[in-house]
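# Examining the three-dimensional arrangement
Here is what each chain is made of, one letter per residue.
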Amino acid sequence: VIRSRAVLCIRPEQPSDAAAIHAVHVAAFPTEAEARLVDALRAARRLAASLVADDGGTVVGHVAFSPVTLSQVAHETGGLGLGPLAVAAARRREGIGGRLVRGGLAACAERGFAFVVVLGDPRYYRRFGFHRASEHGLGNEYGADTEFMVLALRDGAMPPGGAVVRYAPELALVATPD
């Protein structure tokens, strides 16, 4: 039996996608923290880019990008944090996460953002051009090192002199245990 899937589409989140996005994150992670984070970022209007993988009307993946700030920097950063990223368990290893990341990075670049940071697995994110943020003097409020990476979306994107990257305050709100 051959099952045909509808053409997978990477598209911007629509208001009607909120419940499905929540469900994808709940199913993808051991706690509801990431799902609550996306809900909180949406409620605070901090989703600079939010894309879904839509397979014939079913949301099978999601990626969020939210603004970050830099400490000790007196210039406009225009930076975003990537995450969370989730793909339905039954659809993993099909390249959906990669398509979401590439689509999101393209959307962020088109909107004029300077750089994107991510706190994640270096083996995964290097394929998109991310590299260790500390090479640019960037640290983070969580003390991560090799897992904290950056990707410049345009020339001159990295702030001179280094700084500490701070994520949206909603990240701290959902960091409490379930």
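Before reading on, note that the structure itself is shown above.
Here we summarise the structure given alongside this text. Numbers given to residues run from 1 along each chain, matching the order in which its sequence is written. Given that the model is predicted, a residue must reach a pLDDT of at least 70 before its local features are reported, and side-chain atom pairs must reach 80 or more before they are shown or counted; all residues, however, enter totals for whole chains, interfaces and linings. Excluded from the side-chain calculations are hydrogens and water; all other atoms, namely the structure's heavy atoms, are used.

Attention now moves to the sheet that holds strand β10 (residues 163–166). A strand pair is defined by DSSP finding two or more bridges across the two strands. Numbered from the N terminus, helices here are DSSP runs of H or I no shorter than four residues, and strands are runs of E no shorter than two. With mixed pairing, three strands are arranged side by side in an open sheet as β4-β10-β8. This sheet does not close on itself; its edge strands, each paired only once, are β4 (69–70) and β8 (138–140).

On to the pattern of salt bridges. The salt bridge criterion pairs a side-chain nitrogen of Lys or Arg with a carboxyl oxygen of Asp or Glu, the two atoms within 4 Å. Applying the stated criterion across every chain, the model contains nine salt bridges. Its salt-bridge partner being Arg 11, residue Asp 17 comes within 2.7 Å of it at the nearest N-O pair. Relative accessible area serves as the criterion here: at 18%, Arg 11 is assigned to the buried category. Note that Glu 13 and Arg 42 form a salt bridge whose closest N and O atoms lie 2.5 Å from each other. With Glu 13 in the loop between β1 (8–12) and α1 (18–28) and Arg 42 in helix α2 (residues 33–43), this pair connects stretches of sequence that are 29 residues apart. Any residue under 20% of the maximum accessible area for its type is buried, any over 50% is exposed, and the rest in between are partly exposed; the area is computed with a 1.4 Å probe on protein chains only. Taking the relative accessible area as the measure of exposure, Glu 13 reaches 16% and is therefore buried. What emerges from the salt-bridge pattern is a single network uniting Arg 11, Asp 17 and Asp 54.

Before going further, it helps to examine the nonpolar core. The biggest cluster of nonpolar side chains holds 23 residues, and the ones touching the most others in it are Phe 65, Leu 82, Leu 100, Leu 105, Tyr 125 and Phe 130. Breaking this core down by element, the ones donating at least two residues are β2 (49–55), β3 (58–67), β5 (79–87), α3 (96–110), β6 (115–119) and β9 (148–152). The element contributing the most residues to this core is α3, with five residues. Here, two residues are considered to be in contact whenever any of their heavy atoms come within 4.5 Å of each other. Once you skip the residues sitting within four places of it in the chain, Tyr 125 turns out to touch Leu 82, Leu 85, Val 101, Val 118, Gly 120, Phe 130 and Met 149. Grouped together as the second largest cluster of nonpolar side chains are 18 residues, Ala 133, Phe 148, Val 150 and Ala 157 included. Only buried Ala, Val, Leu, Ile, Met, Phe, Trp, Tyr and Cys residues count toward a nonpolar core, and they belong to the same one when joined by side-chain atoms within 4.5 Å.

A few words now on the side chain of Ser 71. Tracing the chain through its elements places Ser 71 in the loop between β4 and β5. Setting aside residues up to four positions removed in sequence, Ser 71 forms contacts with Ala 163, Val 164 and Arg 166.

Glancing now at the packing of aromatic side chains. Aromatic rings considered in pairs are described by the distance between their centres and by the relative angle of their planes. Only Phe, Tyr and Trp rings are paired, with Trp represented by its six-membered ring, and only when their centres lie within 6.5 Å; those with planes under 30 degrees apart are stacked, over 60 edge-to-face, the remainder tilted. Applying the stated criterion across every chain yields a total of five aromatic pairs. Ring geometry for Tyr 125 and Phe 130: centres 5.9 Å apart, planes at 80 degrees, overall edge-to-face. For the pair formed by Tyr 125 and Phe 130, the shared burial category is buried. Consider the rings of Tyr 142 and Tyr 167, whose centres lie 6.1 Å apart with planes at 45 degrees: the pair is tilted. Residue Tyr 142 is located in the loop between β8 and β9, and its partner Tyr 167 is located in the loop between β10 and α5 (170–173); the two are separated by 25 residues in the primary sequence. Note on Tyr 167: relative accessible area 11%, which makes it buried. A connected cluster of aromatic rings, assembled from ring pairs, spans Tyr 124, Tyr 125, Phe 128 and Phe 130.

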